[in-house]
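Here are the chains, one letter per residue:
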Amino acid sequence: MPLETSPEINLVDNSPKPAILVNRIDIIDIIRGVALLGILLLNIPYFAMEDYFTDPWSQDTGNVNFWVHAVNTIFFEGKMRALFSMVFGAGILLFTMNKEKAGKSATWLFYKRMIWLTLFGLAHAHLLLWLGDILYFYGVIGMIAFLFRKMKPKYLAMGVPIVAIIGFVANTLFMQNIRSKYLEYKEAISLQSTGAELAEKELAALEAWKEVQKEFIPDKDQVKINTALMKGSYSEVASYIRPKAIDGQFKYLIFSIWDMLALMLLGMALYKWGFLTLAWTDAQYRKTMWIGYGVGLPLVTFSFIYNTIHFPNVEAGLAYIETHSINWVALIYDFQRILIMMAHVALVMMLYKNGFFTRLMDSLRAVGQTAFTNYIMHTVFCSLVFFGYGLNQFAEREYYQLYFLVAGIWIFQLWLSPIWLKKYLFGPLEWLWRCLTYGRIQPFVRK
């Protein structure tokens, strides 16, 4: 099947600026649409649920919440974010290659694009109050990924295993730091229980553990306070979200860079290899699918069962780290999610190439083409449903019930996005981003 594109008119005014519209590769828009809708599966609990929401049913196999969570973890958790990052990396090449082939420098234009995306991300986190924003990180990390765009694909792809190992080491060191503080805290508590007067070292250990709890593992009283804030006014929700967003975007940025950067580089490699442009044969896509699912699903299933047994709640997790300095099972995570993510993409490729679900594919293409707008729409819908200044449904629903809303949002966006693109060239936020990038008003309405 030849590579399909959506023909769009090149609209160029008399200025020396680059063309406003170019041919789009449908399949990449479709994959972006899949990733965008899939991300909501994993994001919605963090809009809607209190801390430790899985504790009551994390080991209860008779509870529907357990099985919904199992399906999410095995098939989607980490995979959709990986897919979105991979497509973003391919998008870097799509944005720059035609300009550079025409002898034009795309560097400043691209960096302007990423700077605006970073600012959109800050607004998304701190004004719309979404703690899980990725736009800020994509803007910052996209500037780094851009520097590697001309590397050979085999070197780009090597970033994934390297970063997986680096990430495992970094997370292990982080957990060992927490483990050390917890053990020192336990020693201080044990000494205190004997009635002995605590020295400065023990007092410092108690204070250090209190800070760890406050930031990472709040106690039940703090959980109630956090829940009350999320059910409060806009300013109360902001008082809870903004400090955490600031920590994630600045204090812990160094931990976020590597994973997203590796996946963006993988996206570049897969684009150059033709995997993302339907250049592979059906047999190659089938092989990718069978290897991905055949190896990835047993790995993630084992990991899920292991974590269910050993980490059903905070108390069990703390008991585990008392006796284990390294969680070797965590090594599985990055490899299984890449394998399954690749299998998901290969499956979509096979369905598309063989003409299955054509209407759904058209709708997914439109969702992917307006992914920025649809992503922000997720936040608007969910915050107005769950936060206190909206319908105040935070911590009011069962976990499985959240997915009725997910299905409703999917149906709405799959219906609206194609209708919108019949009249307009871009989604409204895509258009605004383009105007800011090029520094002038861009065409918007189709002629």
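What counts, and where the lines are drawn
- Residues numbered from 1 in each chain as written.
- Predicted model: local features only at pLDDT ≥ 70, side-chain atom pairs only at ≥ 80, totals over all residues.
- Heavy atoms only, no water.
- Helix = DSSP H or I, 4+ residues; strand = E, 2+ residues; numbered from the N terminus.
- Rg over C-alpha atoms; globule rule 2.2 N^0.38 Å.
- Buried < 20%, exposed > 50% of the residue type's maximum accessible area, 1.4 Å probe, protein only.
- Contact = heavy atoms within 4.5 Å.
- Areas by Shrake-Rupley, 256 points an atom, 1.4 Å probe, with all protein chains shown as cover.
- Lys, Arg positive; Asp, Glu negative; His and termini not counted.
- Charge placed at Lys NZ, Arg CZ, Asp CG, Glu CD.
- UniProt positions renumbered as here; feature names shortened; annotations may be inferred.
- Phe/Tyr/Trp six-rings, centres within 6.5 Å; stacked < 30°, edge-to-face > 60°.
- Expected span 1.5 Å × (residues − 1).
- Salt bridge = Lys/Arg side-chain N within 4 Å of Asp/Glu carboxyl O.
- Patch = residues over 30% accessible without salt bridge, like charges linked within 9 Å, V, L, I, M, F, W, Y side chains within 5 Å.

Draft legend 1. Focus on the overall build of the protein chain. Looking only at helices and strands, the protein chain has 18 helices and two strands in total. Radius of gyration (C-alpha) of the protein chain: 23 Å, near the 22 Å computed for a compact globule of 447 residues. A principal-axis box enclosing the C-alpha atoms of the protein chain has dimensions of 85 × 50 × 45 Å. Across the 447 residues that make up the protein chain, the buried fraction comes to 48%. Partitioning the intrachain contacts of the protein chain with sequence separation of at least 6 by distance along the chain shows that 77% fall at a separation of at least 24. Just so you have it, the protein chain exposes about 21700 Å², and 65% of that area is on carbon and sulfur atoms. Each charge class in the protein chain was averaged separately, 40 positive and 33 negative side chains, and the resulting centres sit 15 Å apart.

Draft legend 2. The arrangement of the UniProt feature "domain: DUF418" (unreviewed entry) in the protein chain in detail. Following the UniProt record, the feature "domain: DUF418" (unreviewed entry) maps to residues 270-439 here. Counted over residues 270-439, helix gives 74% and strand 0%. Its end C-alpha atoms are 32 Å apart.

Draft legend 3. Local environment of the environment of Val-445. Looking at where Val-445 falls in the secondary structure, it is placed in the segment after helix H18 (428-438). Judged by relative accessible area, which is 45%, Val-445 ranks as partly exposed. Between the C-alpha atoms of Val-445 and Gly-267, which are 178 residues apart in sequence, the distance is 31 Å.

Draft legend 4. Looking closely at the packing of aromatic side chains. If you walk through the whole model with that rule in mind, you get 43 aromatic pairs. Between the aromatic rings of Phe-110 and Phe-146, the centroid separation amounts to 4.6 Å while the plane-to-plane angle is 15 degrees, which identifies the pairing as stacked. Taken together, the residues Phe-110 in helix H4 (residues 107-126) and Phe-146 in the loop between helix H5 (135-145) and helix H6 (153-157) connect sequence positions 36 residues apart. The exposure class assigned to Phe-110 is buried, which follows from its relative accessible area of 1%.

Draft legend 5. Expanded view of helix H15 (residues 358-369). Its 12 residues place the ends of H15 16 Å apart at the C-alpha level, agreeing with the 16 Å of an ideal helix rising 1.5 Å per residue. Those residues of H15 lying buried are Met-361, Ser-363, Leu-364, Arg-365, Ala-366, Val-367, Gly-368 and Gln-369.

Draft legend 6. Region of the structure containing the pattern of salt bridges. If you walk through the whole model with that rule in mind, you get eight salt bridges. Note that Glu-207 is salt-bridged to Lys-210, the shortest N-O span being 3.8 Å. One end of the pair, Glu-207, and the other, Lys-210, are both in helix H8 (residues 200-215), three residues apart, so they sit about a helical turn from each other. Here Glu-396 ties to Lys-231 by a salt bridge, and the two come within 2.9 Å at their closest N and O atoms. Taken as a pair, Glu-396 in the loop between helix H16 (371-386) and helix H17 (402-423) and Lys-231 in the loop between helix H9 (220-230) and helix H10 (234-251) lie far apart in primary sequence, 165 residues in all. Residue classification places Lys-231 among the partly exposed positions, given a relative accessible area of 23%.

Draft legend 7. Structural detail: a nonpolar patch on the surface. A cluster of nonpolar side chains, namely Tyr-155, Met-158, Ile-162, Ile-166, Ile-254, Phe-255 and Trp-258, defines an oily patch on the protein surface of about 660 Å² accessible area. Among the elements of the structure, helix H7 (159-193) and helix H11 (253-272) are those that each provide at least two residues to the nonpolar patch. Counting residues per element, the nonpolar patch draws most heavily on H11, which supplies three residues. With respect to the element layout, Trp-258 can be found in helix H11.

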